[in-house]
Each structure stands twice: as C-alpha cells, then as structure tokens.
Amino acid sequence: MKKRSIFLIIIAIIILISLSIIGNKNYLLMSFIFLALTIGVYFIRFEHRKTSAKEIVFIAIICALAVGGRVLFAALPSVKPELFILIMGAIVSGPETGFLMGTIIALASNMYFGQGAWTPWQMFALGVIGLVSGLFSNKGINRWLLVVWGFLSGFIMGWIMDIYYILGFVNPITFKSVGISIAGSFYFDLIHAVFTAILLFLVGKRWIKLFNNYRTKYNLFKKE
C-alpha cells in the first residue's frame, strides 16, 4: 500500500478520535475538515504531473451516480448501490481517488438523508472501501474475487458504523453489549452485502470494462 494511502487512513482515524473527544456537536466541522484533508492529499499528487480536468469530471460522475443511487433507493433500508458504484470507480481510478470519492459520496448523500455525528464515520467507512478497491487498479480482477470483496465491503461499512454506535450510545461497554449491538445490525449489513455482491456478479466486469475504456480513451489515472 502506498504511503499516501496509509496517510489517508491515519488522518481519518485521528479525526474520528478527535470527534469522540470533543463531542458530537462539532460533527459538521469535522466532516468538512475530513474532506478538506482528503482533497488536499489528493491534489498533492497532481504536483508531479499535469492536472487533468477530465479526471475531475470522472470523479464527479461517479459521486453523482452513487449519491443518486443511494437517494433513489432511500425507501429500501440497506438496499443501496453506492458501494457497487464506488468499488467500480475506485478500481478504475486508484486508491487515493477511491478514498476521495468515498468521503464525497457520504457527505453529499447526507445532504438528503441528514447530517449528524455519524457523517464522518460514514465518510471514513466509504473512504476505506474506496481505497482498498483502488488497490486493484490496473490489475485484472477475477469475477469471484470482485464478488467476495463486494460482499465483505457491506459488512466492513456496517462494522465501522457499529464502532460509532458503541462508542456513542452503549453504556457500559461490555462483551455482551458489544455483541448485542453487532447482532442488531447484522441483518441490515447482510442485505447491504448481498445486494452489492449481486450487482458486482451481474454487471461488475461489464462496468469495469466500460470505465477502463473511458480511462484509456482519455488517458486518465496513469500514475496513481
């Protein structure tokens, strides 16, 4: 994993710890600091090569599709295509861009669903999923590996949000209370994981091919 990718995870964890220490009332400030640092790290990468406006357009398209998909399925808990779209975009663009897209998707979609202390945690969860997905960039990925990763990503997001819930609302924190909290979210995490895996199985390789053709045509994301 590249040093920039590790740095992104470290600063994200620092922000989450800071949010826990100073309280939930500053969640929106922390969310924008989170996004600003992520964007800052991303644009530092451009110092070593020419900035491409087409790459920014690609990022905007992926984020818009993910946010739109999450809003479109708002009435169906956990049945959301944002992980599928994020994974596809990150595989094509790379880890740092994947992390950036994940944070933007969480923050932007919560403009509809509502901002709260959970927002930075969702930004971190989607950012990590985008980052790990981006590690497959420029590599051929087996369909079943893609499906397994999509399934795991649903649970990874759920587990990260479980940590937020446990730290903020569970008292006292014991093995029993932690187990009950995780068990309570298992059904929703499972639906999210299965839905993401099904989408990746059905059209994942097709979307990767489509996005890779776009990347090749416009010479995008060559050095991430």
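Residues numbered from 1 in each chain as written. Predicted model: local features only at pLDDT ≥ 70, side-chain atom pairs only at ≥ 80, totals over all residues. Heavy atoms only, no water.

### Details of the overall build of the protein
Part 1 of the reasoning: The secondary structure content of the protein amounts to eight helices and zero strands.
Part 2 of the reasoning: Helices and strands appear in the protein in the N-to-C order α-α-α-α-α-α-α-α. (Helix = DSSP H or I, 4+ residues; strand = E, 2+ residues; numbered from the N terminus.)

### Quick word on helix H4 (residues 82-93)
Part 1 of the reasoning: With twelve residues, H4 should reach 16 Å at 1.5 Å per residue; the first-to-last C-alpha distance of 16 Å fits that figure.
Part 2 of the reasoning: Residues of H4 that are buried include every one of Glu-82, Leu-83, Phe-84, Ile-85, Leu-86, Ile-87, Met-88, Gly-89, Ala-90, Ile-91, Val-92 and Ser-93, and no others.
Part 3 of the reasoning: Among the structural elements, helix H3 (53-72), helix H5 (95-113), helix H6 (119-134), helix H7 (143-169) and helix H8 (175-218) are those in contact with the buried residues of H4.
Part 4 of the reasoning: Phi turns positive, to about 115°, at Gly-94, one or two residues after H4. (Expected span 1.5 Å × (residues − 1). Buried < 20%, exposed > 50% of the residue type's maximum accessible area, 1.4 Å probe, protein only. Contact = heavy atoms within 4.5 Å.)

### Focus: the packing of aromatic side chains
Part 1 of the reasoning: Per the counting criterion, the structure on display carries 15 aromatic pairs.
Part 2 of the reasoning: Of the aromatic side chains, those joined through ring pairs into one cluster are Phe-58, Phe-84, Trp-207, Phe-211, Tyr-214 and Tyr-218.
Part 3 of the reasoning: The ring of Phe-113 carries the charged tip of Arg-70 above its face, separated from the ring centre by 4.5 Å.
Part 4 of the reasoning: Against the face of Phe-201 rests Arg-143, its NZ or CZ located 5.7 Å from the ring centre. (Phe/Tyr/Trp six-rings, centres within 6.5 Å; stacked < 30°, edge-to-face > 60°. Lys NZ or Arg CZ within 6 Å of the ring centre and 35° of its normal.)

### What about the confidence of the model for the protein?
Part 1 of the reasoning: Looking at the protein as a whole, the pLDDT averages 83, with 81% of positions reaching at least 70.
Part 2 of the reasoning: Of all the helices and strands in the protein, helix H2 (residues 27-44) carries the lowest mean pLDDT, 67, while H4 carries the highest, 93. (pLDDT = per-residue confidence, 0-100.)

### Here's the deal with the environment of Val-170
Part 1 of the reasoning: Tracing the sequence through the fold places Val-170 in the loop between H7 and H8.
Part 2 of the reasoning: Contact partners of Val-170, with chain neighbours within four places excluded, come to Tyr-165, Ser-177 and Ser-181.

### Things to note about the packing of H3 against H4
Part 1 of the reasoning: Viewed as axis vectors pointing N to C, H3 and H4 meet at an angle of 165°, and their least axial separation amounts to 8 Å. Overall, the two elements H3 and H4 adopt an arrangement that is roughly antiparallel. Both H3 and H4 take part in a crossing whose hand is right-handed. The residues of H4 that touch H3, namely those facing Phe-58, Ile-62, Leu-65, Ala-66 and Arg-70, are Glu-82, Ile-85, Gly-89, Val-92 and Ser-93.
Part 2 of the reasoning: Class assignment of the residues belonging to the contact of H3 with H4 gives a composition of six nonpolar, two polar and two charged. (Axes fitted to C-alpha atoms, helices over the stretch in contact; angles between N-to-C directions. Parallel < 35°, antiparallel > 145°, perpendicular 65-115°, else oblique. Left-handed = near helix turned anticlockwise from the far one by under 90°. Nonpolar A, V, L, I, M, F, W, Y, C, P; charged D, E, K, R; others polar.)

### Describing the nonpolar core
Part 1 of the reasoning: Counting residues in hydrophobic clusters, the biggest one holds 44 residues, and the most contacted among them are Ile-87, Met-88 and Leu-146.
Part 2 of the reasoning: For this core, the secondary-structure elements that each account for two or more residues are H3, H4, H5, H6, H7 and H8.
Part 3 of the reasoning: Looking at which element gives the most residues to this core, the answer is H4, with nine residues.
Part 4 of the reasoning: Non-local contacts of Met-88, meaning those with residues more than four positions away in its chain, are made with Leu-146, Leu-200, Gly-204, Trp-207, Ile-208 and Phe-211. (Core = buried A, V, L, I, M, F, W, Y, C linked by side-chain atoms within 4.5 Å.)

### Thoughts on a nonpolar patch on the surface
Part 1 of the reasoning: Where nonpolar side chains cluster on the molecular surface, the patch consists of Trp-144, Val-148, Phe-151, Leu-152, Val-194, Ile-198, Phe-201 and Leu-202 and spans about 720 Å² of accessible area.
Part 2 of the reasoning: Of all elements in the fold, only H7 and H8 reach the threshold of two or more residues within the nonpolar patch.
Part 3 of the reasoning: Under the relative-accessibility criterion, Leu-152 is labelled partly exposed at 38%. (Patch = residues over 30% accessible without salt bridge, like charges linked within 9 Å, V, L, I, M, F, W, Y side chains within 5 Å. Areas by Shrake-Rupley, 256 points an atom, 1.4 Å probe, with all protein chains shown as cover. Salt bridge = Lys/Arg side-chain N within 4 Å of Asp/Glu carboxyl O.)

### Observations regarding H8
Part 1 of the reasoning: In this model, H8 (44 residues) spans only 52 Å end to end at C-alpha, well below the 64 Å of a helix rising 1.5 Å per residue.
Part 2 of the reasoning: Remark: the principal bend of H8, roughly 65°, maps to Val-203.
Part 3 of the reasoning: Among the residues trailing H8, Asn-219 stands out with phi positive, at a value near 55°. (Bend = angle between axes of the 7 residues up to and from the residue.)

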